[in-house]
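# Tertiary structure, described
Next come the chains, spelled out residue by residue.
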Amino acid sequence: MIRASSKVIRYPFSATYVSGLFEHWQKNPQSVPEGWRQYFSEQINGGTGLQGTTSLNPLDHAKQIQLLYRTYYMFRMFFVCGHQLADLDPLNLPHTKEYGRVKGSRPEMTLDSFGFKKEELDVPIYFGNKDQRSFIYPFMEAKEEWTIREIYDRLSQIYTKKYGVEYIHMVSTEQKHWVEQEMDRIAQWKPSKETQTSTWQRLARVDLFNEFLKTRFTTSKRFGIEGTDTLIVGLEALVDQCAQNKVEHIIVGMAHRGRLSTLANVFKKPLEIIFAEFQNKYSKEIEESWGNIGDVKYHLGVTRDQQFPDGHHIRMTMLPNPSHLEAVNPVVQGKTRALQDICNNKQTCLGIIIHGDAAMAGQGVVYESLQLENLTGYTNEGVIHVVVNNQIGFTTTPIDSRSGLYCTDVAKAIDVPIIHVNADDPDLVEEIFKIAVRFRQQFKKDIVIDLIGYRRYGHNEQDQPAFTQPQMYEIINKQKPVFQIYDQQLRKDGIITDDFANTEIKKLTNILETAYKNIQKETFDKVHWVPKPWEKIQQVTKWGRVKDTGVALSDILELNEKVNNLPAELTVHPQVKRIYEQRKQSIEQGKGIDFGTAEALAFGTLLHEGFSIRLSGQDCERGTFSQRHAVINDQKKDIKYYPLRNQIPNGGNNRFEVFNSPLSEYGVLGFEYGYSQSNPNVLTIWEGQFGDFANGAQIMIDNFITSGESKWNVPSGLVMMLPHGLDGQGPEHSSGRMERYLQLMDDDPNIVFQMKEQRIKRQILDSNFQVCVCSNPSNYFHSLRRQLRRDFRKPLILFNSKRLLKFSKATSDISLFLEGTRFHRLIPDSHEEIKTHKEISKVIICYGQVYYDILQKRQDSKRNDVAIIRVEQLAPFPYDHFRVVAQQYENAEFVFCQEEHQNSGGWQYLEPRIQNVLSLLHQQGKIKHQYLTFCGRRPSASTASGSSTVHKQELEKLLSILFQ
């Protein structure tokens with residue numbers, strides 16, 4: 001590296017140029033640049049590089065300057081390009097664009113290429129004092145004078161081994177120096193006999209496990225680790241290093257490649273259970289439980305507590321994940337952050353993300369997740385990333401899967417070191433994994449390990465890779481497994497004996513055979529390995545009945561005083577100040593409470609009861625529509641004020657956190673989902689800037705949030721807030737795509753026929769999530785409080801109207817927030833001006849903001865023979881409540897109305913459920929009309945018109961038809 005020192009000449013200068021500068025300096029030192037003034041002065045007085053010079057010969061000195069320059073240029077080349085000289089590829093594939101680990105040829109880095117002459121190689125050169133030498137490179141501290149040959153040999157020793165490090169892109173000089181020290185240390189390092197014996201045992205377990213699966217389950221997919229077996233060795237060494245650093249929690253996310261080996265050897269998942277999964281043996285508990293359809297064996301997770309000889313414990317968790325590569329990354333980060341917040345110590349909780357090479361370069365969520373590395377609301381203060389690099393993705397080689405040199409190039413964006421290591425060197429792999437832990441613990445930053453190996457078989461064991469990579473697999477078929485190579489090496493070196501090796505192999509084989517025999521017994525019943533239970537859920541009955549989510553008036557008034565009275569010393573924007581004054585006034589008067597006030601009341605009362613709140617999303621501190629202002633920015637000072645934190649005793653500010661997120665949906669939503677898994681006593685909320693922005697996170701919604709409990713028995717209480725409503729603002733700012741969520745619901749529309757006269761019990765508990773559309777602030781208040789006032793957790797999708805946030809008619813009285821009140825899944829018509837139930841001729845069923853349009857149209861039309869039913873909880877559908885309400889209108893026709901187009905919104909989900917209830921009531925003779933009709937916009941490929949005029953015309957037409 002060219003260092004920031006005046007003693008270093010940064011560019012090659014000709015003898016004529018230097019001679020001219022020297023002459024000017026002799027006549028007038030001020031006539032040359034400061035660096036040259038200092039340099040000439042130091043050299044005349046016997047300074048850096050020239051020994052005992054009392055006079056300066058410009059021509060001779062210019063040559064020495066060029067020699068120094070070439071020396072520093074050599075350093076620079078090794079710093080920047082040295083990693084390309086490393087012996088990283090176990091296969092030694094042709095160094096071409098098709099197969100090489102980099103695209104293009106290696107740089108030429110010989111003494112000749114740097115321009116050194118033979119007579120210059122052994123000339124001693126003085127490189128300054130110890131600090132200056134250390135700044136050049138750590139090994140330079142050893143002595144004052146070095147020859148070119150000594151430096152080149154030492155750099156070659158460091159940079160041409162089976163590892164290569166990219167770190168020159170990093171900003172911190174301290175961190176770069178630390179990396180250089182470790183590289184220099186490894187170049188001289190040799191493992192002890194005890195360490196190598198332990199490594200052999202670990203590698204033997206991996207190899208025998210893989211071979212056992214191969215021979216006993218020949219037709220099964222297992223996505224084996226063969227070719228990068230040392231991943232397991234590295235992970236076990238990493239765990240040992242974590243124990244030394246007193247890490248208490250390790251959260252791992254990885255794809256299917258090598259997952260079974262990791263579960264068996266690192267997490268010590270019982271072999272009987274793994275073998276039972278190969279034979280599709282499940283416990284009766286799983287087969288009989290609701291919705292627990294399970295997942296393939298290489299997607300499942302596990303939690304294990306490991307104790308070490310010194311008594312230290314680490315809880316290790318492997319998160320379950322779908323086949324969508326890298327999707328689990330932000331989930332790991334979110335769960336890790338939640339544990340860090342619980343422990344109040346980020347260094348005791350470590351996230352590990354294991355990537356695939358093609359996925360690391362190709363999946364956008366990798367970048368979204370990496371960008372969270374140093375953000376206040378999302379940082380884990382260091383995640384260890386490991387790339388299991390097969391040098392191929394399914395059938396695609398690097399030339400078609402990435403544009404950069406390495407699959408890890410994306411990590412350079414976050415200023416972290418990247419260590420490439422040859423997977424066929426078990427000793428080195430162990431040491432690199434330990435270094436990663438030490439770097440993370442010291443600098444609280446991410447670090448990336450690129451474990452370069454190969455994939456011995458196809459993408460799965462039934463695949464034939466020679467179809468597409470014949471030359472590559474010709475080399476692989478001749479390659480000895482790493483265990484054979486290491487075993488032969490240790491026997492040859494006398495580290496282990498034949499007797500020891502044979503005894504260990506026999507013992508490990510017996511363990512595998514015994515486990516396999518155990519699952520053949522009829523008495524074996526596979527237990528379901530699931531994550532450890534959540535910490536004890538808050539005593540939900542402490543504050544009243546579980547279903548009652550109202551609070552005492554005294555608590556609301558106290559909250560009003562603490563939160564809505566802003567400090568006098570705070571310079572508040574006039575409009576924000578007016579919002580808080582209006583909130584305070586509405587509570588004192590007991591009427592006109594809007595959605596923003598209701599939300600603050602929900603948050604504040606939950607904080608009062610001991611729960612915590614975490615709200616995250618784009619611009620959510622203020623709120624997209626300026627409705628929240630949970631964080632107030634002083635207009636004159638750089639101060640942020642959190643009014644709701646006044647509800648929390650001193651020292652508990654982290655119980656209420658609001659974070660503006662980066663402009664990411666997939667990554668941030670995944671993070672919040674992971675966060676929600678760790679602590680059921682935190683109301684974890686992700687808010688979309690607009691509802692349809694969640695489109696970018698559809699993988700997370702489909703494969704984790706709505707199905708995670710069913711597949712993996714992993715509960716979550718995550719709340720997704722999605723602004724929704726057709727207001728004439730165009731397609732992208734109207735619909736939250738409600739129909740997509742409703743399609744993912746698992747409640748059975750035919751369950752109504754099994755109801756008989758009994759209420760459907762535990763309906764939400766037996767559903768995968770909830771979808772609600774609150775048409776008034778009080779119901780919004782109860783929907784949020786209900787999330788934590790239960791003794792179970794389910795995801796909640798809240799579609800919030802933008803128009804109703806400050807709509808004068810969409811307000812609530814304080815009585816609807818008080819003790820004895822609760823969330824209403826359905827709101828019947830209670831207006832006094834309408835006729836009796838028997839006289840009603842039409843019942844309109846609707847949800848959301850269109851209710852107020854229908855209500856206004858009814859008033860304008862003076863149709864007191866029309867009743868309006870609002871469905872507030874769309875899913876799971878409230879069959880029991882709707883049946884009770886609908887059967888009162890025995891002579892009415894039933895019409896469903898929504899503002900969305902017929903092929904979107906709630907119609908397609910609600911129609912069969914409502915229709916089934918009506919059909920049942922008609923069969924029972926309780927209503928005259930059994931058929932449900934639709935009134936709404938016609939089907940459309942776009943969710944809304946881009947013209948406000950067209951929007952109004954469509955709405956007016958809809959309402960006119962409705963009241964014909």
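An account of the accompanying structure is given in this report. Note that this is a predicted model, so its numbers are computed, not measured.

A few words now on the sheet that holds strand E10 (residues 447–452). Picture the strands of a sheet paired through backbone hydrogen bonds; they go either parallel or antiparallel. Read from one edge to the other, the open sheet built from eight strands follows the order E3-E9-E10-E8-E7-E4-E6-E5, with strand pairing classed as mixed. Of all the strands in the sheet, the pair left with one neighbour each is strand E3 (163–166) and strand E5 (302–307). Each strand of the sheet is rotated relative to its neighbour by a mean of 20°, with strand direction disregarded. The pairing of strand E7 (residues 349–356) with strand E8 (residues 383–389) spans six bridges and is parallel. Opposite His355, over in E8, you have Val387 as the bridge partner. Each of strand E4 (249–254), E5, strand E6 (313–318), E7, E8 and E10 is contacted by helix H8 (residues 230–244), which is oriented at about 170° to E7, the strand it contacts most.

Right, let's get into the nonpolar core. If you look at the biggest cluster of nonpolar residues, it comprises 79 residues, and the most contacted ones within it are Met74, Phe75, Tyr137 and Leu231. Counting 73 residues, the second largest nonpolar core, distinct from the first, contains Tyr666, Ala694, Val714 and Phe882.

With an omega of -10°, the peptide bond running from Ala875 to Pro876 counts as cis. Along the chain, Pro876 falls in the loop between strand E22 (873–875) and helix H29 (879–886). The residue His629 is not glycine, and still its phi comes out positive at about 50°.

What follows covers the environment of Val448. Mapped onto the elements, Val448 comes out in strand E10. Separated by 12 residues in the primary sequence, Val448 and Ala436 place their C-alpha atoms 7.8 Å from one another.

Under the criterion given, the structure shown has 39 aromatic pairs. Geometrically, the ring pair formed by Trp178 and Phe443 is edge-to-face, given 5.8 Å between the ring centres and 85° between the ring planes. Linking Trp178 in helix H6 (residues 173–188) with Phe443 in helix H16 (residues 426–443), this pair joins segments that are 265 residues apart in sequence. Across the pair, Phe443 and Trp178 agree in class, each one buried. Ring geometry for Tyr378 and Phe659: centres 6.3 Å apart, planes at 55°, overall tilted.

Burial analysis of strand E16 (residues 719–724) places six of its six residues in the buried class, the great majority of the element. Alternating residues of E16 divide into Val719, Met721 and Pro723 and Met720, Leu722 and His724, and every residue in both groups is buried. As paired elements, strand E15 (residues 682–687) and E16 share three bridges and run parallel to each other. For Glu687, the partnering residue across the bridge sits in E16 and is Met721. Pairing geometry for E16 and strand E18 (residues 796–801), over six bridges, is parallel. Within the sheet, the bridge partner assigned to Leu722 lies in E18 and is Phe799.

Before going further, it helps to spend a moment on the packing of helix H20 (residues 553–564) against helix H22 (residues 595–608). The interhelical angle for the contact between H20 and H22, taken along N-to-C directions, is 105°, at an axis separation of 10 Å. Here H20 is positioned roughly perpendicular relative to H22, judged by the angle of their axes. Judged by residue contacts, Asp555, Ile556 and Leu559 of H20 engage Ala600, Leu601, Gly604, Thr605 and His608 from H22. For the contact of H20 with H22, a count of residues per class yields four nonpolar, three polar and one charged.

With that settled, the discussion passes to the pattern of salt bridges. By the definition in use, this model includes 45 salt bridges. Of the charged contacts, one joins Asp184 and Arg154 as a salt bridge, the two residues approaching to 3.2 Å between their closest N and O atoms. Placement of the pair is Asp184 in helix H6 and Arg154 in helix H5 (residues 148–159), with a sequence separation of 30 residues. Ionic pairing is found between Glu236 and Arg202, a salt bridge with its closest N-O pair at 3.8 Å. In this pair, Glu236 sits in helix H8 while Arg202 sits in helix H7 (residues 193–216), placing the two residues 34 residues apart along the sequence.

About the criteria used
Numbering of residues starts from 1 in each chain and follows the order in which that chain's sequence is written. For this predicted model, a pLDDT threshold of at least 70 governs which residues receive local features, and a threshold of 80 or more governs which side-chain atom pairs are given and counted, while totals over whole chains, interfaces and linings are taken from all residues. Side-chain calculation: all heavy atoms of the structure are included, whereas hydrogens and water are not. Whether two strands pair comes down to DSSP finding at least two bridges between them. Each helix corresponds to a stretch of at least 4 residues labelled H or I by DSSP, and each strand to a stretch of at least 2 residues labelled E; elements are numbered beginning at the N terminus. Orientation is described by axes fitted as lines to C-alpha atoms, over the contacting stretch for helices, and by angles from 0 to 180 degrees between their N-to-C directions. Here, residues are in contact when the closest pair of their heavy atoms is within 4.5 Å. Here, nonpolar core means buried Ala, Val, Leu, Ile, Met, Phe, Trp, Tyr and Cys residues that are tied together by side-chain atoms lying within 4.5 Å of each other. For each residue, the accessible area found with a 1.4 Å probe, counting protein chains only, is set against the maximum for its type, and the residue is called buried under 20%, exposed over 50%, and partly exposed in between. Put simply, two rings from Phe, Tyr or Trp (the six-membered ring, in Trp's case) pair if the centres are within 6.5 Å, and we call them stacked under 30 degrees between planes, edge-to-face over 60, tilted for the rest. Roughly parallel here means an angle under 35 degrees, roughly antiparallel means over 145, roughly perpendicular means 65 to 115, and every remaining angle is called oblique. Gly counts as polar in this scheme, as do all residues outside two lists: the nonpolar Ala, Val, Leu, Ile, Met, Phe, Trp, Tyr, Cys and Pro, and the charged Asp, Glu, Lys and Arg. In the sections that follow, a salt bridge refers to a side-chain nitrogen of Lys or Arg positioned within 4 Å of a carboxyl oxygen of Asp or Glu.

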